[in-house]
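Tertiary structure, described
Letter by letter, the chains look like this.
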Amino acid sequence: DGGITQSPKYLFRKEGQNVTLSCEQNLNHDAMYWYRQDPGQGLRLIYYSQIVNDFQKGDIAEGYSVSREKKESFPLTVTSAQKNPTAFYLCASFPGDNSPLHFGNGTRLTVT
Amino acid sequence: GQQVMQIPQYQHVQEGEDFTTYCNSSTTLSNIQWYKQRPGGHPVFLIQLVKSGEVKKQKRLTFQFGEAKKNSSLHITATQTTDVGTYFCAGPTNAGKSTFGDGTTLTVKP
């Protein structure tokens, strides 16, 4: 089955720790995205990558970092500089040509 | 930059009642996409509208794209409890990025 896998589903961390969220896809899509969703709100773009070894900041990139060393993988690191890291994080890929986004199941991060 | 606004933010209906959510963009859209997110789940693609004035139906769901391609609506006829969730519209930007509305959360009372 082709799809996007995010792990883990739930993640708990202490304040001040960096944490990395995994996103893997086997859809052969070039473009991948990270969105953040807070309760009752829409999706806000954190980072995106259109091709391997290249990525751009989205609307709320501060306190986050990414890498794109392989086409299949686009991990997101939430650093201690992120003031309010507790949120639902969604990874997506894009096949191109006005097609819809394909989303992973998300990771719910709680930082205390 | 492009902004996409959705109203209402929340809608509570009795099962069997109709439901409509509206989406408005600050700029003309080449297309608009609708997604549904069940509680605790991830957004799932419902439909894409491309043509000015386009109307598409999926069973009890009717999607419309405005003549000016700046607004869209989703109408659900005779809601069921399975319709609960948050409905998002999204407009494309360059590089495949999508700008999402804040969504309309539908609750259905049986």
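Described in the following lines is the structure provided in the data block. Quick caveat, the model's predicted, so the values are computed rather than measured. (Residues numbered from 1 in each chain as written. Chains lettered and ligands numbered in written order. Predicted model: local features only at pLDDT ≥ 70, side-chain atom pairs only at ≥ 80, totals over all residues. Heavy atoms only, no water.)

Digging into the interface of chain A and chain B
What counts here: Contacts are residue-level and defined by heavy atoms, with any inter-residue pair within 4.5 Å sufficient. Note: buried area is the sum, over both parts, of the accessible area (probe 1.4 Å) each one loses when the two are combined. For this document, the term salt bridge refers to a Lys or Arg side-chain nitrogen within 4 Å of an Asp or Glu carboxyl oxygen. We call two N or O atoms a polar contact when they sit within 3.5 Å, provided that within protein one can donate a hydrogen and the other can accept it, with sequence-adjacent residues counted only if both atoms are side-chain atoms. Per the convention used, a helix needs a DSSP run of H or I reaching at least four residues, while a strand needs a run of E reaching at least two, with both numbered from the N terminus. Ten residues, namely Ala, Val, Leu, Ile, Met, Phe, Trp, Tyr, Cys and Pro, are considered nonpolar, four, namely Asp, Glu, Lys and Arg, are considered charged, and the remaining ones, Gly among them, are considered polar.
Tallying the contact residues gives 21 residues for chain A and 21 residues for chain B. For the pair chain A and chain B, the summed buried surface comes to about 1600 Å²; carbon and sulfur atoms form 54% of the total. For the pair chain A and chain B, the interface holds 0 salt bridges. Counting every contact that joins chain A to chain B gives 5 residue pairs in polar contact (both at pLDDT 80 or more). For the side of chain A that touches chain B, the elements supplying multiple residues, two or more each, are strand E4 (31-37), strand E5 (43-51) and strand E9 (87-94) of chain A. The greatest single-element share of the side of chain A that touches chain B, amounting to 4 residues, is contributed by E5 of chain A. Here the side of chain A that touches chain B is composed, by residue class, of 11 nonpolar, 9 polar and 1 charged.

Some thoughts on the nonpolar core
Convention followed: Take the buried residues of types Ala, Val, Leu, Ile, Met, Phe, Trp, Tyr and Cys, join any two whose side-chain atoms come within 4.5 Å, and each joined set is a nonpolar core. Exposed residues in this analysis have more than 50% of their type's maximum accessible area, buried residues have under 20%, and partly exposed residues fall in between, with area computed by a 1.4 Å probe over protein chains only.
Ranked by size, the top nonpolar core spans 20 residues in total, and within it Trp 34, Ile 46, Leu 76, Val 78 and Tyr 89 of chain A carry the most contacts. Going through the elements one at a time, strand E3 (19-25), E4, E5, strand E7 (64-66), strand E8 (76-78) and E9 of chain A are the ones with two or more residues in this core. If sequence neighbours within four positions are ignored, Ile 46 of chain A has contacts with Trp 34, Tyr 35, Arg 36, Lys 57, Gly 58, Ile 60, Ala 61, Tyr 64, Leu 76 and Tyr 89 of chain A. Membership of the second largest hydrophobic core comes to 19 residues, among which are Phe 65, Leu 74, Ile 76 and Val 108 of chain B.

Description of the pattern of salt bridges
All names here are of chain A. The tally for this structure, following the rule as stated, stands at 5 salt bridges over all chains. In this structure, Asp 30 and Lys 71 form a salt bridge, with 3.3 Å as the shortest nitrogen-oxygen distance. Taken together, the positions of Asp 30 in the loop between E3 and E4 and Lys 71 in the loop between E7 and E8 put the pair 41 residues apart, joining distant regions of the chain. Assessed through its relative accessible area of 22%, Lys 71 is described here as partly exposed. The salt bridge involving Asp 38 is made with Arg 44; its shortest N-O contact spans 2.7 Å. One salt-bridge network, in which partners are shared between bridges, spans Arg 36, Asp 38 and Arg 44.

Some remarks on the sheet that holds strand E7 (residues 61-65) of chain B
As a general point, the strands of a sheet are linked pairwise by backbone hydrogen bonds and lie either parallel or antiparallel. Residue and element names in this part refer to chain B. Stated precisely, the cut-off is as follows: When DSSP finds two or more bridges between a pair of strands, those strands are recorded as paired. To get an axis, a line is fitted to the C-alpha atoms, and for a helix only the part in contact is used. The angle between two axes follows their N-to-C directions and goes from 0 to 180 degrees.
Read from one edge to the other, the open sheet built from 5 strands follows the order E1-E3-E8-E7-E6, with strand pairing classed as antiparallel. Among the strands making up the open sheet, the edge pair consists of strand E1 (4-7) and strand E6 (55-58). Each neighbouring strand pair of the sheet contributes to a mean axis angle of 15 degrees, computed without reference to strand direction. Pairing between E6 and E7: 4 bridges, direction antiparallel. Note on E7: the bridge partner recorded for Lys 57 is Thr 62.

Some words on the pairing of strand E11 (residues 107-111) of chain A
All names here are of chain A. Bridge count between strand E2 (residues 10-13) and E11: 4 bridges; the pairing is parallel. Looking at the pairing, Leu 11 lines up with Leu 109 of E11. As judged from the 3 bridges shared by E9 and E11, these two strands associate in the antiparallel manner. Note on E11: the bridge partner recorded for Tyr 89 is Thr 107.

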